[in-house]
Amino acid sequence: MDRYCAGGRVFSGLLLLCVAVSLQGSRAASIEAPLAADPKPYRILLVVEHRSDPYGLVVSSEADKFQPVAALLKAWSVPFDILRLDQQHVDTSYLFDRSGRIRYGAVVWLADLSSYGQQDFASLEEATRAGTGLIVVDSRFLHSTLAKLLGLKFKDFYTSTDNFHVAQEHYITRGIAAGESASFVQSHDYSDRIWVQPTSAEVLITQGQHPVLTVNQLGSGNSAAWLGPPTLSVLCKSLFWRNLFFRSLVWSLGYVVVPDVDYAHRIIFELDDWGTADKGFLSYWRYLEPSDETIREDLVEPLKQHHAVASAEVNTGYVNRQSKRVVSPWVQNFTDLYGLHQDYASTRKGLKDAADSGVLDIESHGWTHMEPDLESPPGPWWTADLAGEGSVVGWYAEFGDQRRGEEVPALVQIYHMQRSLAELQEDFGKQALELKPGNNSWSKSQFNNTAGLASRVGFGLFHSDEATYYLDHELVLDMAVVVPDFNTGYDLLDVLNPERWPNHPDGPLILGFHDRDIALDHHFMKRLFAALPANYKTLGTNQYIGIIHTQINRSSDGDGWQLNFTQDSHYCAYFAKHPSSWRLWLSEPFREQLAALHLEVWIDDRPAKLTAADFDHEALTIDLPPGLGTHTWKLKAAENSKEP
């Protein structure tokens, strides 16, 4: 069973191969007879009803129904554009380029409207005739052209808890456990479902008399698939539905590339609060900031023993009550209110040595971990009694004004982010790529959205204790469900319960704790590793950001097909000194065509090993060397190949 099948090892990586080769070719390929057929473009058009953000930047799990599908595509490294029917018009300008070639390998249709107004469905039909695949999910497809392309007719709604059954074997259903695992999903699900009646479509999976997965052949090498999950969210929550959607995507595109990472057993460690001032004066949060020795012995050594990495979420602005100024934490050397001698310079040395040794990523926990306005009522905080107003937890949130029940203005947030980034670079020589707001507090309105603002200043990931967002300058995407997160601590390990963690085959689990935990329990890291499943390994934050920001596209030249993997110097800096690995999944027709030819593969213009046995499996591995910029993976007919 492949790693993407329910009940087996879930897939964690994919690789894109721009390779579709005509069966009209023979084994006698040559450099003078290049591969003949052009594979589909490696890009998806995601058609949705509307978006909550009028500017089309933020995608939220709370407000955008299509978020689970967008998150899966991002996790799988499949490039996509979003077309919103409330503002945009389906027509040839989206579906074809200037030369008349199709722009998308497939359209994923998620809209379920009673009327589609003046949308140009003739252009969609034309695109499918030219090779664009179609996948419709959780939609009644109430337009005659959509119904015709799908080979279906919407009939009614229904409710059922019957088991699913495979009606006929197909690439999409291969290895899918439609018995026990599917029945468990269905046993207490009383959701309304969509009842469809086939007109020309093949029914692949049924629930009693109701089709739940169909495929309609539109032409040679092209089809339209319909999936009827109860909601879009189950595509992330249910291995059964996710695997069906993934295999439908491979079938429709012909190939898909994913990261070759076993996310199902990967975890990111995040240690918060390095550099903050409050540990020296808050009665409920007092402890000794870990020294160079503590960091080396109680954090770095356990990480090295387990070949692990972690992230330090650092604040570089120390709020000094005596001077009423924000100063550097790393010059603080004093005995605090509780008689503990705090030496922050030693802390900085320990963090820097750990980062330089490669076991620690330096990330941003914001600038001060404090409310930016420390003056206004009920302040000023500077002189507030630490037994009373000064201890109120709302003062210790930087990107959402918890004390006053307000948001923090966008310009103020941006200033704090920029100060954090500049000072982390000055103090550690590191470019932080993740923002984790302190006290799990951040602003969510359109103009003050903290995740959106973080994307503007160059962060690639936003993570609070309850949300994780992918960030770039054009997209701020909620990765809810795909990337789960939990918190623990030295006094909470007995309730960690990893056996209850949800499946997460498409993204790592993020586990947060604090510098406090190794300060109060020098054996905490040892105990943490003992509490984790033995098959879990850590993943660095910057490595994960580099993976999800790698841009993959298809190109071709005169003698073969080429995949380009672009890893830029900002988001993908991790790969300057580290290799990356990807998996290319091929649909059955493509794989059979390739297996019949004598081919060779080149990586960055250097020959790599490829054998006929590689095509015995559904996926191929592509290993890219270290280095930034664009790596190329090319498949072409071998020179001097002969008839067998």
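Residues numbered from 1 in each chain as written. Predicted model: local features only at pLDDT ≥ 70, side-chain atom pairs only at ≥ 80, totals over all residues. Heavy atoms only, no water.

Engineer: Any chance you could break down the pattern of salt bridges for me, citing the residues and the numbers?
Structural biologist: In this structure the tally under the stated criterion is 28 salt bridges. Residue Asp-86 is joined to Arg-84 by a salt bridge in which the shortest nitrogen-to-oxygen separation is 2.9 Å. Classification of Asp-86 by relative accessible area gives partly exposed; the value is 41%. Salt-bridge contacts for Asp-292 lead to Lys-349; the nearest nitrogen and oxygen are separated by 3.5 Å. Here Asp-292 is found in helix α8 (residues 292–305), whereas its partner Lys-349 is found in helix α9 (residues 344–356), with 57 residues between them in sequence. Judged by its relative accessible area of 43%, Lys-349 falls in the partly exposed class. Taken together, the salt bridges that share partners define one network made up of Arg-174, Arg-247, Glu-588 and Glu-618. (Salt bridge = Lys/Arg side-chain N within 4 Å of Asp/Glu carboxyl O. Buried < 20%, exposed > 50% of the residue type's maximum accessible area, 1.4 Å probe, protein only. Helix = DSSP H or I, 4+ residues; strand = E, 2+ residues; numbered from the N terminus.)

Engineer: Can you lay out the packing of aromatic side chains for me, pointing to particular residues and giving the numbers?
Structural biologist: Applying the stated criterion to the full structure yields 31 aromatic pairs. Taking 5.2 Å as the distance between ring centres and 25 degrees as the angle between the ring planes, the aromatic pair formed by Phe-164 and Phe-240 counts as stacked. A residue pair is termed long-range when its members are at least 10 positions apart, and Phe-164 in strand β7 (residues 164–166) and Phe-240 in helix α7 (residues 239–253) qualify at 76 residues. For the residue pair Phe-164 and Phe-240, the accessibility class agrees, reading buried in each case. Between Phe-269 and Phe-513 the ring centres are 5.6 Å apart and the planes differ by 70 degrees, which places this aromatic pair in the edge-to-face class. Of this pair, Phe-269 sits in strand β13 (residues 266–274) while Phe-513 sits in strand β27 (residues 509–514), and the two are 244 residues apart along the sequence. According to the relative accessible area criterion, Phe-269 is buried, its value standing at 1%. Through a chain of ring-to-ring contacts, the aromatic side chains of Trp-76, Phe-245, Phe-246 and Trp-585 assemble into a single cluster. Directly above the aromatic system of Tyr-171 lies the positively charged group of Arg-247, at a separation of 4.2 Å from the ring centroid. Across the ring face of Tyr-338, the terminal group of Arg-286 is positioned such that the distance to the ring centre comes to 4.6 Å. (Phe/Tyr/Trp six-rings, centres within 6.5 Å; stacked < 30°, edge-to-face > 60°. Lys NZ or Arg CZ within 6 Å of the ring centre and 35° of its normal.)

Engineer: How would you explain unusual backbone geometry if you had to name every residue and give the values?
Structural biologist: The omega torsion across Pro-377 and Pro-378 is 10 degrees, close enough to zero to call that bond cis. Considering the arrangement of structural elements, one finds Pro-378 in the loop between β19 (360–364) and β20 (400–401). For the bond running from Gly-379 to Pro-380, omega is 10 degrees, close enough to zero to count as cis. Note that Pro-380 resides in the loop between β19 and β20. Even without being a glycine, Asn-439 presents a positive backbone phi close to 65 degrees. Although it is not a glycine, Val-481 adopts a positive phi angle of roughly 75 degrees.

Engineer: Tell me what's going on with the confidence of the model for the chain, and back it up with residues and numbers.
Structural biologist: Overall, the predicted model of the chain reaches an average pLDDT of 91, with 91% of residues at or above 70. This model gives residues 1–36 a pLDDT under 50, and the stretch forms 163 contacts once residues within four places in sequence are excluded. (pLDDT = per-residue confidence, 0-100. Contact = heavy atoms within 4.5 Å.)

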